[in-house]
Amino acid sequence: LPALTGVNAVECPTASYWSDQVRSQAVITVTPDVNTLYNDPPVQYVEIANLDLSGATRDAKYIGADGLPDYSFNWGAAGVALYRAHNITIRGCEIHANENGIFGPSYGSFVRDLADITLDECTLEDNGYPGADRYHNGYLEAWNLLVQRCFFGDVADGSKGVGLKLRCINPV
């Protein structure tokens, strides 16, 4: 699989985010841009497929959109982070060696929450952070989550996280 790592990654020069919270959150971040208003429609119909995603940790440095080389990922950074997104499919990916494998929070209403998320034929393992219990192979809060044909292996050595932590409505 083609590999994308957060270590020494280069952020897209045109990247803009609706919240500074998400800037350093993942190797791949699916999120609205800076011009999105609070109740605007979410990002929709994105597929992430057949990638090896790793290296999103607080210790990894990357080059930001401004060209400066000293950005660090957030605590809890992920291989894939989803924010305010609907109809997202993650298929055939190997996601490992991040603080969270897949991460996606909710915001308290359907238009701002995650919805209709599919994980298909993915391997998630060796994610987490030593001594910490809040970083997992997968952590999702969504409406309508489908997980099929996926393998959730052990979390990172010393991590107290779990394979898949869900706070979902209608998970399958």
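Preceding this paragraph is the structure being described.
Summary of the structure given here. (Residues numbered from 1 in each chain as written. Predicted model: local features only at pLDDT ≥ 70, side-chain atom pairs only at ≥ 80, totals over all residues. Heavy atoms only, no water.)

**A look at the overall build of the protein chain**
For step 1, the next point in the chain: Assigned secondary structure in the protein chain consists of zero helices and 17 strands.
For step 2, the next point in the chain: Counting only C-alpha atoms, the protein chain reaches 40 × 40 × 30 Å along its principal axes.
For step 3, the next point in the chain: Burial statistics for the protein chain: of 172 residues in total, 48% are counted as buried.
For step 4, the next point in the chain: A separation threshold of at least 6 residues defines the contact pool for the protein chain, and within that pool the share at least 24 residues apart is 75%.
For step 5, the next point in the chain: Only carbon and sulfur atoms are counted for the fraction: they give 52% of the accessible area of the protein chain, which is about 8200 Å².
For step 6, the next point in the chain: Treating the 11 positive side-chain charges of the protein chain as one cloud and the 21 negative ones as another, the clouds have centres 7 Å apart. (Helix = DSSP H or I, 4+ residues; strand = E, 2+ residues; numbered from the N terminus. Buried < 20%, exposed > 50% of the residue type's maximum accessible area, 1.4 Å probe, protein only. Contact = heavy atoms within 4.5 Å. Areas by Shrake-Rupley, 256 points an atom, 1.4 Å probe, with all protein chains shown as cover. Lys, Arg positive; Asp, Glu negative; His and termini not counted. Charge placed at Lys NZ, Arg CZ, Asp CG, Glu CD.)

**So, the packing of aromatic side chains**
For step 1, the next point in the chain: The final tally for this structure, using the stated rule, is four aromatic pairs.
For step 2, the next point in the chain: Considering the side-chain rings of Y62 and F73, the 4.8 Å spacing of their centres and the 40° angle between planes classify their relative orientation as tilted. Remark: F73 occurs in the loop between β6 (71-72) and β7 (78-82) and Y62 occurs in strand β5 (residues 61-62); sequence separation between them is 11 residues.
For step 3, the next point in the chain: Through successive ring pairs, a cluster of aromatic residues spans Y62, Y71 and F73.
For step 4, the next point in the chain: One cation-aromatic arrangement involves R58 over W75; the distance from NZ or CZ to the ring centre is 3.9 Å.
For step 5, the next point in the chain: When the ring centre of Y129 is taken as origin, the NZ or CZ atom of R58, which lies over that ring, is 3.6 Å away. (Phe/Tyr/Trp six-rings, centres within 6.5 Å; stacked < 30°, edge-to-face > 60°. Lys NZ or Arg CZ within 6 Å of the ring centre and 35° of its normal.)

**Thoughts on the pattern of salt bridges**
Two side chains bearing opposite charge may form a pair once their charged atoms approach each other closely.
For step 1, the next point in the chain: Inspection of every chain in the model, using the stated rule, returns eight salt bridges.
For step 2, the next point in the chain: As a salt-bridge pair, R23 and E11 come within 3.1 Å of each other at their nearest N and O atoms. Remark: E11 occurs in the loop between β1 (3-5) and β2 (26-30) and R23 occurs in the loop between β1 and β2; sequence separation between them is 12 residues.
For step 3, the next point in the chain: Judged by its relative accessible area of 25%, R23 is partly exposed.
For step 4, the next point in the chain: Relative accessible area serves as the criterion here: at 11%, E11 is assigned to the buried category.
For step 5, the next point in the chain: With a shortest N-O distance of 2.8 Å, R149 and D120 are connected by a salt bridge. On the criterion of sequence distance, the pair formed by R149 in the loop between β14 (142-148) and β15 (151-152) and D120 in strand β11 (residues 114-120) is long-range, its members being 29 residues apart.
For step 6, the next point in the chain: The class for D120 is buried, based on a relative accessible area of 3%. (Salt bridge = Lys/Arg side-chain N within 4 Å of Asp/Glu carboxyl O.)

**Comments concerning unusual backbone geometry**
Of all residues except glycine, most have a negative phi; of all peptide bonds, most are trans.
For step 1, the next point in the chain: At A97, a position not held by glycine, the phi torsion is positive, near 60°.
For step 2, the next point in the chain: Mapped onto the fold, A97 is located in the loop between β9 (94-96) and β10 (100-104).
For step 3, the next point in the chain: For A97, a relative accessible area of 30% gives the class partly exposed.
For step 4, the next point in the chain: Positive phi values are uncommon outside glycine, yet N144 reaches one of about 65°.

**Regarding the sheet that holds strand β16 (residues 165-166)**
Strands pair in a sheet through their backbones, by hydrogen bonds, and they do so in one of two ways: parallel or antiparallel.
For step 1, the next point in the chain: If you trace the five strands from one edge of the open sheet to the other, you get β2-β7-β10-β13-β16, paired in parallel fashion. The sheet is open, and its two edges are formed by β2 and β16, each paired on a single side. (Pairing = 2+ DSSP bridges.)

**Observations regarding the sheet that holds strand β12 (residues 123-125)**
For step 1, the next point in the chain: One open sheet accounts for five strands, arranged β1-β4-β9-β12-β15; its pairing is parallel. Here the strands that pair on one side only, and so sit at the sheet edges, are β1 and β15.
For step 2, the next point in the chain: Bridge count for β1 against strand β4 (residues 52-54) is three bridges, and the pairing is parallel. By the bridge assignment, T5 is partnered in β4 with S54.

Remember that the coordinates give geometry; whether it matters functionally is a separate question.
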